[in-house]
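A look at the structure
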Amino acid sequence: MAKKAKPVSKKRKLIGKPKVRIENVVASASVDAEFDLDKIAATLPNAEYEPEQFPGLVLRLVDPKAAILVFSSGKMVCTGAKEPKIIKLAIEKTLKQIRTAGVKVRGPAKITIQNIVASSDLGVELNLDKISFSLENAEFEPEQFPGLVFRIAEPKVVFLLFRSGKIVCTGGKKPSDVDKGVARLIQELKKIKVV
Amino acid sequence: MKAKRVKHRAKAKTAWPKKAPGLIAGAVEKCPDCSSTDIKNDPKRAERFCNGCGMVIEEKQIDTTQEWRAFDYEQKQKRDRTGSFLTYTRHDKGLSTSIGDQGFSDLYKLTPSKRASFYRLKRWHRQVSTATERNLRYALSELDRISSAIGLPKNIRETTALIYRKAVTKGLVRGRSMESVVAAALYAACRKHNVPRTLDEIAEASNVKKREVGRTYRFITRELGIKLLPTSPVDYISRFASELKLSPKVQEKAIEILNKANKKDLVSGRGPTGVAAAA
DNA sequence: GCTTTAAAAAGTAAGAT
DNA sequence: ATCTTACTTTAGAAAGC
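Within an unreviewed UniProt entry, the label attached to chain B reads Transcription initiation factor IIB, and the organism entered is Candidatus Naiadarchaeum limnaeum. According to the UniProt record, the Sequence similarities (unreviewed entry) comment for chain B reads "Belongs to the TFIIB family."

In the annotation of an unreviewed UniProt entry, chain A is listed under the name TATA-box-binding protein and assigned to Candidatus Naiadarchaeum limnaeum. In the Function (unreviewed entry) part of its UniProt record, chain A is described as follows: "General factor that plays a role in the activation of archaeal genes transcribed by RNA polymerase. Binds specifically to the TATA box promoter element which lies close to the position of transcription initiation." Turning to chain A, the UniProt annotation filed under Sequence similarities (unreviewed entry) states: "Belongs to the TBP family."

1. A look at the domain arrangement of chain A
The extent of an interface is frequently quoted as the accessible surface area lost upon association of the parts. When the domains of chain A are assigned, the result is domain 1 (27-113) and domain 2 (122-192). Summarising the inter-unit geometry, the C-alpha centres of domain 1 of chain A and domain 2 of chain A are found 34 Å apart.

2. Examining the protein's contact with DNA strand C
Near DNA strand C, the surroundings consist of 23 residues, among which P55(A), S73(A), N115(A), F145(A) and R151(A) are the closest. The share of sugar and phosphate among atoms of DNA strand C within 4 Å of the protein is 65%. R151(A) places a polar side-chain atom, nitrogen or oxygen, 2.7 Å from a phosphate oxygen of DNA strand C. Note that a phosphate oxygen of DNA strand C is positioned 3.2 Å from one of the side-chain N or O atoms of R218(B). When the residues that make up the surface near DNA strand C are grouped by side-chain class, the tally is ten nonpolar, six polar and seven charged.

3. Some remarks on the protein's contact with DNA strand D
Near DNA strand D there are 29 residues, and of these R60(A), K65(A), V117(A), S164(A) and R215(B) occur at the shortest range. A distance of 2.6 Å separates a base nitrogen of DNA strand D from a polar side-chain atom of N24(A). With respect to DNA strand D, the side chain of R176(B) contributes an N or O atom lying 2.9 Å from a phosphate oxygen. Taken together, the residues that form the surface near DNA strand D break down as eleven nonpolar, eight polar and ten charged.

4. Looking at the environment of I202(B)
Residue and element names in this part refer to chain B. Topologically, I202 is positioned in helix α6 (residues 199-206). Looking at I202, the relative accessible area reads 0%, which means it is buried. On a C-alpha basis, the gap between I202 and I150 in space is 8.1 Å, while along the polypeptide they are 52 residues apart. If near-sequence neighbours (up to four positions away) are discounted, I202 is found in contact with I150, A183, L186, Y187, C190, R197 and V213.

5. Topic: the pairing of strand β1 (residues 20-30) of chain A
Relative to strand β6 (residues 110-121) of chain A, β1(A) runs antiparallel, the two sharing ten bridges. Each bridged residue has a counterpart across the sheet, and for V25(A) the counterpart in β6(A) is I116(A).

6. Some thoughts on the pairing of strand β10 (residues 166-172) of chain A
Residues and elements named next belong to chain A. As paired elements, β6 and β10 share five bridges and run antiparallel to each other. Residue S119 lies in a different strand from β10, and its bridge partner there is V168. Across four bridges, the pairing between strand β9 (residues 157-161) and β10 is antiparallel. Looking at β10, one finds that F159 is bridged to C169. Connecting β9 to the next strand, β10, in antiparallel fashion are four residues, including G165 with a positive phi near 100°.

7. Here's the deal with the nonpolar core
In terms of nonpolar packing, the biggest core is built from 56 residues, with F35(A), I68(A), M76(A), I131(A), F159(A), L161(A) and L189(A) touching the most fellow members. Ranked by the residues each element gives to this core, the list is headed by helix α2 (residues 84-100) of chain A, at six residues. Both of domain 1 (27-113) and domain 2 (122-192) of chain A provide at least three residues apiece to this core. Within the second largest apolar cluster, 38 residues are counted, among which are I146(B), V181(B), Y187(B) and I220(B).

8. Some words on the interface of chain A and chain B
On the side of chain B, 22 residues touch chain A, which itself brings 18 residues to the contact. Between chain A and chain B lies a buried interface of about 1600 Å² when both sides are counted; carbon and sulfur atoms form 43% of it. Viewed at the interface, chain B and chain A are joined by two salt bridges. E139(A) is the partner of R222(B) in a salt bridge, and the nearest nitrogen-oxygen pair spans 3.5 Å. At the surface where chain A touches chain B, the tally comes to seven residue pairs in polar contact (both at pLDDT 80 or more).

Rules used in this analysis
- Residues numbered from 1 in each chain as written.
- Chains lettered and ligands numbered in written order.
- Predicted model: local features only at pLDDT ≥ 70, side-chain atom pairs only at ≥ 80, totals over all residues.
- Heavy atoms only, no water.
- UniProt positions renumbered as here; feature names shortened; annotations may be inferred.
- Domains from an automatic or database assignment.
- Near = heavy atom within 4 Å.
- Polar contact = N/O pair within 3.5 Å; in protein donor to acceptor, adjacent residues only side chain to side chain.
- Nonpolar A, V, L, I, M, F, W, Y, C, P; charged D, E, K, R; others polar.
- Helix = DSSP H or I, 4+ residues; strand = E, 2+ residues; numbered from the N terminus.
- Buried < 20%, exposed > 50% of the residue type's maximum accessible area, 1.4 Å probe, protein only.
- Contact = heavy atoms within 4.5 Å.
- Pairing = 2+ DSSP bridges.
- Core = buried A, V, L, I, M, F, W, Y, C linked by side-chain atoms within 4.5 Å.
- Buried area = accessible area lost by both parts, 1.4 Å probe.
- Salt bridge = Lys/Arg side-chain N within 4 Å of Asp/Glu carboxyl O.

Right, dumping it as structure tokens:
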């Protein structure tokens, strides 16, 4: 499977909207139950639990590729999903495994997507210095990180812009936040004539 | 014992230099506040104060606003050499008034003519000021320590003090070590004055992880609405050149190369340090 | 490998008040 | 003593060091 953008030569001007790919979806979930993490850790081979280091038990799933942090309160955090629908599958599988470990769990978990990380390629080389000079919400510290950080309020997302034109969008709660955010970003870049 | 707290007068004893010229050691007695026996006599203001915490032991009066100014000036001159007096954090530097300071400068002005008012205000003054003042004193001694360690001009120390004070006022130090905020403020000040001091140098001199200095720098910079342009690689040329013992001609050429690179838009994303080194 | 961005979970630590 | 921060863990992309 291709990484996505084949070596598309960088154009001077950006045309159309670039394809956005979701790289990671983070969600929180919870069920009405108390989990005996020691018991779960003792029976599930794919579980890691070091309470001294972190209060959550780490469950790694290969099927729906994802990592789930399980807490004794019955709350969980699912990360690594490449798309929103995988979250539900991962949580269901997690609960199934927990039941296998002898821990009773009733009812479906309530899931909330907390963050979506996506990447894209504007297909244009970006002059980060110019962008940082022109956009108020841009912060560029090349000595500390090669990417320029750009925050927008609506939708509330944060972008990392790179000289290559590749970008990362994070902070969104739903896929549309990413799309609207990218559109907004491009709108801003056009205003200052960098794309 | 009547005594009032004099702000920015002194700082942690450990940071004090051997002696402050012009100030004669006082009699053997302890400071009622911090128990230090390091009592100094201030001929100019005709009073004695604790060199450790700044507490004025005996006031022989005659303090006017004008004298305060004179005091500032005199101490400032000494400070430049001893690095002791923190006069640049005073209102005369606009470090208090411009950021909604707790009112120290006003209090000082009231002191000479309104004794009664002063005493009534003293209690409030002490309770609301002490924490911040101590923090400031300590922070500034830290600043002095780091500054002398990497040799920075006083205008940068003043800018750092200003930034630090604003940060404290905005409560940006909470949850962060004061050292990291001082280091971050110092880094910001260097950037503002285009004095090339890398994060590494400041991190090392301040004993704060580079990552933390950077994070704190970005944080306070954002919160205080300070937006600094990335340091130009050119600013590093002279330093690198002298360190590498390069000829002026080479330096010139390096700068030339950088200018070309700039026009070609090929440096964004690259750290100025690396770019300068490459050139 | 490190650095940056966002977000949740439940502990701990440290600081300010 | 309480409130506020931040750190710990998880995943992923970007690109420079």
